[in-house]
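Inside the fold
These are the residues of each chain, in order.
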Amino acid sequence: MGAHAAAHAGGHDSPPELRHHFVDLPAQREASTLGMWAFLVTEVLFFGGMFTAYVIYRATYRTAFEGASNLLDIKLGAFNTAVLIMSSLTMALAVWASSLGRKNLIILFLILTILLGGIFLGVKVIEYKQKFEHHEVPGPHFVVPLNEKTHQPLPPQSEMFFSLYFCMTGLHALHMIIGIGLLTWLIVKARRGAFTTRYNTPVDMVGLYWHFVDVVWIFLFPLLYLLGRHTL
Amino acid sequence: MSATAPDETPRVAERPNYLNTGYGVKSWLLTIDHKRIAILYLIGVTFFFAIGGLYAAAIRLELLTPAGDVFQSETYNKLFTTHGVMMVFFFMIPGIPGVLGNFLIPLMIGAKDVAFPRLNLLSWYLYIIGGLLALWATVHGGVDTGWTFYTPYSTVYSNGWVVVTGVGVFISGFSSILTGLNFLVTLHTMRAPGMGWTRMPLFCWSMYATAIIQILGTPVIAITLLLLVAERVFHLGVFDPAQGGDPVLFQHLFWFYSHPAVYIMILPAMGVISELVTAFARKPIFGYKFIAASSVAIATLSFLVWGHHMFVSGQSVYAGLVFSILSFMVGVPSAIKVFNWTATLYKGSVSYQTPLLYAIGFIGLFTFGGLTGLMLAALGLDIHVHDTYFIVAHFHYIMVGGTIMAYLGGLHYWWPKISGRLYPEYWSRVSAWVIFIGFNLTFFPQFIVGYLGMPRRYHAYPEEFQVLNVMSTAGASILGIGYVIPLVYFAWSMRYGKRAADNPWGATGLEWETPSPPPTENFAVTPTVTGRPYDYLTGREEAAAG
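Fair warning: this is a prediction, and the values are worked out from it, not measured in the lab.

Some points on the overall build of chain B
- Along its length, chain B carries 16 helices and zero strands.
- The C-alpha radius of gyration computed for chain B amounts to 23 Å, which stays within 12% of the reference 24 Å derived for 546 residues, consistent with globular compactness.
- Each principal axis of the C-alpha atoms in chain B carries an extent, and together these give about 75 × 45 × 45 Å.

Have a look at this one:
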């Protein structure tokens, strides 16, 4: 990445990571950081549209949503929450290692982060599979589920709960997959020794992205799995 | 600093500039130079404008006679949908930011490029891919939902290519987001030494306000279109009343972006006008800080007024009341701009060159569009004219009379810088007048016919409306000719035009301190800014100095 731009860099002592149009590395880093935060703002609004829809329909069809929420596997959800928080820790450690320029340590923490992300996605697959088997996927094969205690059918809007559940967790999972792609790219770069005490911006930026995706889950988990669980 | 003096010294070889550094297709399609990307946008934007214009011509042809005789009603629905989609998403929104924003922002702030050059190129590709997808959908049968894609018609009943068009708009939305993000970061971090926020040109201020809207608004339409596509494909039910969904929620989400989006279209235009007015009045701009702040105020208010599109959609009366009051408030910062432009012209040494003709046209037409906007913000009146030609006339006064006038004015003003050539002054004045006359003849009758009750989006209408519709169609023909003339002489000037001096207008601003056309790295030495922008000597100061 940096190699092509370096050819254009002006001064004779400018570092190879410096793109030609920036004055110095701190200025370049400031631009990247602001850009990443602005991007995360757009992500908040991107997810925000679905959160709005969820909040409105949950308030409108409370029994349907609470009943359907009870059908989610709270143990798997809680396990996944713990896994993601762990992955945020390993990501933070990777950023720390990169600021020290310790190549092997960076790679180790990045691999751990990918593994934890992979576990999360694996558990998600198990959860989705269960939903398929129980005919809880919206569409022609959807069967209105029963209330776990009363064994009466839930209101038909429970289908919409699952619509939103799949949209929100699906979009979150897509962000995780993109994140794993970015982490793999970082490992390739780190193996080449791209990150030094002077320059670790990409690790820092991907770190911000990864934490953001985790934070989305921190909101999704209570909203989808926990809220109103004991009122039935 | 002599005005309009052509290049006196004939040159043996051309100075190296961004246009002659490479000639191959690859040197254009893989460029990361913001100036070349601006040219790429110019080509794309012109292409989609022509497509949208052809559809407008078809619409006006059908409306020449009261009977629905040229096109069937469904075909007509597809015509106005494609006209709207092409013009809004692939001309208006990327227009001024993509072409003038890309070219000028780094030059105006004394930077070598935008903050993320490769992201900038990606933006262009996303825009083109999105536009071509939407065009593909049009060619293969079209969409008949209107550019607003209202549910449940778009998700359940329509037979058109809603999904493909939706995906096209979704993809180009990311182009808009990334452009806004790029400009925001560029303006924050790459200003030349000495250029504080209050020394930044007003075009940059308006692009900054635009970037805020692009960043905060566009993701919402992205997710809304994603839900729409998912709903149509998988029958999610989120917007389908049959499954408990709420179509009004779609309208809320849609307009939460699409109302601010009209400010994505007009704010850059206002920035252009601020530059033109001060340059051709030879006077420092009146109320610099007020104009800058009013851009940000418009951006802020833009997010609080979306409900005025839904006065008759079953939204609560009290919400309507609040949205009505907030919509009136947008008039305040808009009026601040108009008053400041007028005050700048007052007692200036005004030279009526082509860019200023466009700018003056803008001020008049925008004021007209803005005042009728206030009429529409009034709850009672809106119910009378809702979904009539009155509203069509209103937003065309803002978008065509406002944005396109400013876009063309800006293109004429910076064309010597962009191409290094001058265009024929006589023909450019002719085209400015033809466009102004054609525009008013097209759209003024629509105010009347709408107020009399002619609804929009029908291919047939009662006979008593024919005279006004014939006027409108005649105006559209004139307008079309007006748009072709600049296309011809701009293309002509690239090869045969006189070479432009570095600063042909004698204007202030960093973009005029570098050669025309600028070298790839923009400035040989990074400039240092020592004073306020628009530092024109007024007549009195000149007399005192001389």
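Observations concerning the overall build of chain A
- Across its full length, chain A carries seven helices and zero strands.
- Dimensions of chain A along its principal axes, counting C-alpha atoms only, are 75 × 30 × 30 Å.
- Taken across its 232 residues, chain A has 37% of its residues classed as buried.
- At a minimum sequence separation of 6, the contacts of chain A that also span at least 24 residues come to 73%.

As for the interface of chain B and chain A
- Tallying the contact residues gives 31 residues for chain B and 27 residues for chain A.
- Of all the secondary-structure elements, those providing two or more residues to the side of chain B that touches chain A are helix H6 (162-189), helix H7 (202-234) and helix H8 (247-281) of chain B.
- A per-element tally of the side of chain B that touches chain A places H7(B) first, with 10 residues.
- Of the residues belonging to the side of chain B that touches chain A, the class tally is 21 nonpolar, eight polar and two charged.

With respect to the nonpolar core
Residues and elements named next belong to chain B.
- Core analysis: the largest hydrophobic core is formed by 228 residues, its most contacted members being Cys204, Ile273 and Phe362.
- In terms of residue count, H8 provides more of this core than any other element does, 22 residues in total.
- When residues no more than four places from it in sequence are discounted, the contact partners of Ile273 are Trp341, Ala359, Phe362, Ile363 and Ala406.

Looking at helix H6 (residues 158-191) of chain A
- Over its 34 residues, H6(A) extends 49 Å from the first C-alpha to the last, a length consistent with the 50 Å expected when each residue adds 1.5 Å.
- Phi turns positive one or two residues past the end of H6(A), at Gly193(A), with a value near 75°.

Some remarks on unusual backbone geometry
Residues and elements named next belong to chain B.
- In this model, Thr151 is joined to Pro152 through a cis peptide bond whose omega is -5°.
- Cis geometry is found at the peptide bond from Ser516 to Pro517, where omega equals -15°.
- Position of Pro517 among the secondary structure elements: in the loop between helix H15 (466-496) and helix H16 (539-545).
- Of note, the phi angle at His235 is positive, near 55°, even though the residue is not glycine.
- The residue Asp387 is not glycine, and still its phi comes out positive at about 60°.

Concerning the confidence of the model for chain B
- Averaged over all residues, the pLDDT of chain B equals 93, while 96% of them reach at least 70.
- The ipTM assigned to the predicted complex is 0.90, against a pTM of 0.93.

So, the packing of helix H3 (residues 73-108) of chain B against H6(B)
Residues and elements named next belong to chain B.
- Interhelical geometry of H3 versus H6 gives an angle of 20° and a closest axis separation of 11 Å. Our classification of the angle between H3 and H6 gives roughly parallel. Relative to H6, the crossing made by H3 is left-handed. Residues Val85, Phe89, Phe90, Ile93, Pro94, Pro97, Gly98, Gly101, Ile105 and Pro106 of H3 touch H6, and the partners they reach there are Thr165, Val169, Ser172, Ser175, Ser176, Thr179, Phe183, Thr186 and Leu187.
- Looking at the contact of H3 with H6 residue by residue, the classes come out as 11 nonpolar, eight polar and no charged.

Here we look at the packing of H3(B) against H8(B)
Residue and element names in this part refer to chain B.
- Orientation of H3 relative to H8, taken along the N-to-C sense of each, is 35°, at an axis distance of 8 Å. By crossing handedness, the relation of H3 to H8 is classed as left-handed. On the side of H3, the interface is formed by Met92, Ile93, Ile96, Pro97, Leu100 and Gly101, while H8 contributes Ala261, Ile264, Met265, Pro268, Ala269 and Val272.
- The class makeup of the residues in the contact of H3 with H8 is 11 nonpolar, one polar and no charged.

Observations concerning helix H7 (residues 201-226) of chain A
Residues and elements named next belong to chain A.
- With 26 residues, H7 should reach 38 Å at 1.5 Å per residue; the first-to-last C-alpha distance of 37 Å fits that figure.
- At Leu220, H7 shows its maximal kink, close to 25°; a proline, Pro222, follows between one and four residues later.
- Within two residues after H7, Gly228 carries a phi angle of roughly 70°, on the positive side.

Re the environment of Ser477(B)
All names here are of chain B.
- With respect to the helices, strands and loops of the structure, Ser477 is situated in helix H15.
- By C-beta crowding, Ser477 is classed as partly exposed, having 15 other C-beta atoms within 10 Å.
- Measuring from C-alpha to C-alpha, the distance between Ser477 and Thr442 comes to 8.6 Å, with 35 residues separating the pair along the chain.

Reading the values: rules and limits
Every chain's residues receive numbers from 1 upward, in the order its sequence appears when written. Going through the entries in the order they are written, you letter the chains from A and number the ligands from 1. Totals for whole chains, interfaces and linings use all residues, but because this is a predicted model, local features are given only for residues with pLDDT of at least 70 and pairs of side-chain atoms are given and counted only at 80 or more. The secondary structure listing takes helices from DSSP runs of H or I that are at least 4 residues long and strands from runs of E that are at least 2 residues long, numbered from the N terminus. This radius of gyration counts C-alpha atoms alone. The globule rule is 2.2 Å times how many residues there are, raised to the power 0.38. Counting other C-beta atoms within 10 Å of a residue's C-beta gives its exposure: the residue is buried at 20 or more, exposed at 12 or fewer, and partly exposed in between, where C-beta atoms are placed from the backbone. In this description, a residue-residue contact is defined by the distance between C-beta atoms placed from the backbone, which must lie within 7 Å. Side-chain classes follow a simple rule in which Ala, Val, Leu, Ile, Met, Phe, Trp, Tyr, Cys and Pro form the nonpolar group, Asp, Glu, Lys and Arg form the charged group, and the remainder, Gly included, forms the polar group. Here, a nonpolar core denotes buried Ala, Val, Leu, Ile, Met, Phe, Trp, Tyr and Cys residues that are linked to one another through C-beta atoms within 7 Å. Residue count minus one, scaled by 1.5 Å, sets the expected span of a helix. For every residue, the predictor states its confidence as a pLDDT score lying anywhere from 0 to 100. Angles shown run from 0 to 180 degrees and are taken between the N-to-C directions of axes, each axis being a line fitted to C-alpha atoms and, for helices, limited to the stretch in contact. The labels follow the angle: roughly parallel below 35 degrees, roughly antiparallel above 145, roughly perpendicular from 65 to 115, and oblique for the rest. Each crossing is labelled by how the near helix is turned from the far one, with a counterclockwise turn of less than a right angle marking it left-handed and a clockwise turn marking it right-handed. The quantity called bend is, for any residue, the angle between two axes fitted respectively to the seven residues ending at it and the seven beginning at it.

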